[in-house]
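The chain contents come next:
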Number of protein chains: 2
Amino acid sequence: MEQFLKPVAPGKAYRMFNLGATALVGAAHEGVSDVMTAAWNCPLDLDPCKVTVVIDKSHFTRVLMEKSGYFVLALPGAGIARETLYLGSVSKNDEADKLAKSGAEFFDIPSFKGIPLVRGCACYALFRIIPEPHNQQAYDLFIGELVEAWADDRVLRDGHWDFSGHDALRTLHYVAGGHFKQIGEPLEVEL
Amino acid sequence: MEQFLKPVAPGKAYRMFNLGATALVGAAHEGVSDVMTAAWNCPLDLDPCKVTVVIDKSHFTRVLMEKSGYFVLALPGAGIARETLYLGSVSKNDEADKLAKSGAEFFDIPSFKGIPLVRGCACYALFRIIPEPHNQQAYDLFIGELVEAWADDRVLRDGHWDFSGHDALRTLHYVAGGHFKQIGEPLEVEL
């Protein structure tokens, strides 16, 4: 287990995804696993926390999600932006050694169904797929309900994000063509 | 029309929403209009550009969306963070003069179905609702297909975001309790 990972209270897990950051999507089935990048993920409900994620039919990861019924969303930090771009650019359909060749380092959380986790993410959440065949077929849209979430407590503590002093964990917001924005400075507002 | 607004090519409109920013959602029907804040919006398809947005049944805006079949998503800049918080905190069900009392300034784009647009956003996009009654009822999830998009070309030009020198237009990423992050610095990656 990674040194700084702490469990996230289920009622505050939506705050992981409220930033709208690009995620790594992981899945595993019968010893086969994959991790890909998906900018199109979004909270759907507060408690129990649900999310949506868009996964095209061409992706190897999608088959593992459909067979296992589970997926992980993790938010890669700026320190692994190159690995994130690789995992989103190369398909395991074309490159069987994709994970090894990505340059990413992997670890496990025992309860996370054997799904490989990429070191250097701000947080990690396991979801159970709520089957919605029409959404999956017509829109490539999957809905997940949270099983368990962990976050690096140097940047997400008690539901509060604070990236100061930890630039390598700033969330990435993908635009196109290898171009990301990093999450920036806080802004506090009172009515 | 706002001075710096230029049309966005439909094939690049998804880049408006790829950042995962908090949006203002506007709708109008038979002369009644509302604008509310929704952090939970996400691209769904590239071209034609589709998006998802989560709008709870308690919101006045939702009724206008359902009756008219259209909504606008606009990305408020940091310069109107207080107005954004107000529009997301106060319901027109409780405060009929919500828009006037928000402190926001409004303008129109003639083709935008009479939906009021808040000055100070980085971009504005009109969507036609693709009716999906199960998603709307079970998950409060609406799917929209792009009709037309406009962006402030000081920050979004040819599909490229560049906020340097225009901090007031940096997108907002809502966490909770009046706490936002602003979008930060670019990060270019090559494989």
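Everything that follows concerns the structure shown earlier in this document.
Just so it is clear, the model here is predicted, and its values are computed rather than measured. (Residues numbered from 1 in each chain as written. Chains lettered and ligands numbered in written order. Predicted model: local features only at pLDDT ≥ 70, side-chain atom pairs only at ≥ 80, totals over all residues. Heavy atoms only, no water.)

Q: I'm lost on the overall build of chain A in this one. Help?
A: When its secondary structure is counted, chain A shows five helices and 14 strands. In terms of C-alpha radius of gyration, chain A reaches 16 Å, essentially the compact-globule figure of 16 Å for 191 residues. Here chain A holds 191 residues, and 60% of them are scored as buried. When the accessible area of chain A is evaluated, it comes to approximately 7500 Å², of which 50% is carbon and sulfur surface. Counting 18 positive and 25 negative side-chain charges, chain A places the averaged centre of each group 2 Å from the other. (Helix = DSSP H or I, 4+ residues; strand = E, 2+ residues; numbered from the N terminus. Rg over C-alpha atoms; globule rule 2.2 N^0.38 Å. Buried < 20%, exposed > 50% of the residue type's maximum accessible area, 1.4 Å probe, protein only. Areas by Shrake-Rupley, 256 points an atom, 1.4 Å probe, with all protein chains shown as cover. Lys, Arg positive; Asp, Glu negative; His and termini not counted. Charge placed at Lys NZ, Arg CZ, Asp CG, Glu CD.)

Q: Would you take a moment to explain unusual backbone geometry for this structure?
A: Among all residues save glycine, negative phi is the norm, and among peptide bonds the norm is trans. For the peptide bond that leads from D47 of chain A to P48 of chain A, omega is 5°, which places it in the cis range. Note on placement: P48 of chain A falls in the loop between β4 (41–46) and β5 (49–54). Look at E30 of chain A: it is not a glycine, yet its phi comes out positive at around 50°. Take E30 of chain A: its relative accessible area is 73%, and that puts it in the exposed class. For K113 of chain B, which is not glycine, the phi dihedral falls at a positive 60°. As for its placement among the helices and strands, K113 of chain B is situated in the loop between β7 (106–107) and β8 (117–118).

Q: Which parts of the structure should I look at to understand the side chain of R62 of chain A?
A: Residue and element names in this part refer to chain A. Locating R62 in the fold gives a position in helix α2 (residues 60–68). Here Q136 takes part through its backbone oxygen, which lies 2.9 Å from a polar atom of the side chain of R62. Apart from the residues within four sequence positions on either side, R62 is in contact with I55, D56, K57, Q136, Q137, D140 and F142. (Polar contact = N/O pair within 3.5 Å; in protein donor to acceptor, adjacent residues only side chain to side chain. Contact = heavy atoms within 4.5 Å.)

Q: Would you mind showing me how to read the relation of the copies chain A and chain B here?
A: The second copy of the chain is related to the first by a rotation about an axis and a shift along the axis. Turning chain A through 180° and shifting it by 0.0 Å along the axis lays it on chain B, with an RMSD of 0.0 Å. Between the two chains, the operation in question is that of a two-fold axis. Of the residues that chain A buries at the interface, 100% are likewise interface residues in chain B, meaning the two copies contact each other through the same surface. (Least-squares fit on C-alpha atoms with pLDDT ≥ 70 in both.)

Q: Help me understand the pattern of salt bridges in this model?
A: Pairing of side chains with opposite charge becomes possible as their charged atoms draw close. Enumeration according to the criterion identifies 24 salt bridges over all chains in this entry. Among the salt bridges present, the one from D153 of chain A reaches K6 of chain A, with a minimum N-O distance of 3.9 Å. With D153 of chain A in the loop between β10 (141–152) and β11 (156–157) and K6 of chain A in strand β1 (residues 5–7), this residue pair connects regions lying 147 residues apart in the sequence. Taking the shortest distance from any N to any O, the salt bridge between R62 of chain B and D140 of chain B comes out at 2.7 Å. Of this pair, R62 of chain B sits in helix α2 (residues 60–68) while D140 of chain B sits in the loop between α5 (133–139) and β10 (141–152), and the two are 78 residues apart along the sequence. Ionic contacts of the salt-bridge type, sharing partners, join the residues K57, R62, E66 and D140 of chain A into one network. (Salt bridge = Lys/Arg side-chain N within 4 Å of Asp/Glu carboxyl O.)

Q: What is the right way to read the interface of chain A and chain B from this model?
A: One frequently used descriptor of interface size is the decrease in accessible area upon assembly of the parts. Across the contact, 50 residues belong to chain A and 50 residues belong to chain B. For the pair chain A and chain B, the summed buried surface comes to about 4400 Å²; carbon and sulfur atoms form 61% of the total. Run the count over chain A and chain B and you get zero salt bridges. For the side of chain A that touches chain B, the secondary-structure elements that each account for two or more residues are α1 (14–18), β4, α3 (81–89), α5 (133–139), β10, β13 (172–176) and β14 (179–188) of chain A. (Buried area = accessible area lost by both parts, 1.4 Å probe.)

Q: Quick question: what am I supposed to make of the nonpolar core here?
A: W161 of chain A together with W161 of chain B are the most contacted members of the largest nonpolar core, which has 93 residues in total. Leaving out residues up to four positions away in the same chain, W161 of chain A has contacts with R15, M16, L19, L75, A122, C123, V155 and L156 of chain A together with V175, H179 and K181 of chain B. (Core = buried A, V, L, I, M, F, W, Y, C linked by side-chain atoms within 4.5 Å.)

Q: I tried to follow the packing of aromatic side chains on my own but got confused; where do I start?
A: For any pair of aromatic rings, geometry is given as the distance between the ring centres together with the angle between the planes. Residue and element names in this part refer to chain A. For the structure on display, the rule yields 12 aromatic pairs over all chains. Counting every residue linked through ring pairs, the aromatic cluster contains F17, F71 and F127. Over the ring of Y70 we find K113, and its NZ or CZ is 4.4 Å from the ring centre. (Phe/Tyr/Trp six-rings, centres within 6.5 Å; stacked < 30°, edge-to-face > 60°. Lys NZ or Arg CZ within 6 Å of the ring centre and 35° of its normal.)

Q: Is there a simple way to explain the sheet that holds strand β13 (residues 172–176) of chain B in this structure?
A: Strand pairing in a sheet relies on backbone hydrogen bonds. The paired strands run either parallel or antiparallel. On the basis of which strands lie adjacent, the open sheet formed by four strands has the order β13(A)-β14(A)-β14(B)-β13(B) and antiparallel pairing. Lying at the two open borders of the sheet, with one neighbouring strand each, are β13 of chain A together with β13 of chain B. Going across the sheet, the axis of each strand differs from the next one's by a mean of 40°, ignoring polarity. (Pairing = 2+ DSSP bridges. Axes fitted to C-alpha atoms, helices over the stretch in contact; angles between N-to-C directions.)

Q: Honestly, α2 of chain A in this entry has me stumped. Any pointers?
A: Side chains that are three or four residues apart share a direction in an α-helix, a result of its 3.6 residues per turn. Within α2 of chain A the residues assigned to the buried category are T61, R62, L64 and M65 of chain A. Along α2 of chain A, the residues classed as buried sweep out an arc of 165° about the axis, all on the same side. (Arc of directions from axis to C-beta.)

Q: Got a minute to help me understand the pairing of β14 of chain A in this structure?
A: Two strands pair when backbone bridges link them, and β13 of chain A and β14 of chain A are joined in this way by four bridges, in the antiparallel orientation. Its bridge partner being in β14 of chain A, H173 of chain A is matched across the sheet by K181 of chain A. Hairpin connection, β13 of chain A to β14 of chain A: the antiparallel pair is bridged by two residues, and G177 of chain A has positive phi, about 55°. Sheet analysis places β14 of chain A next to strand β14 (residues 179–188) of chain B, joined by seven bridges and oriented antiparallel. By the bridge assignment, L187 of chain A is partnered in β14 of chain B with F180 of chain B.

Read these as spatial facts, not as claims about activity.
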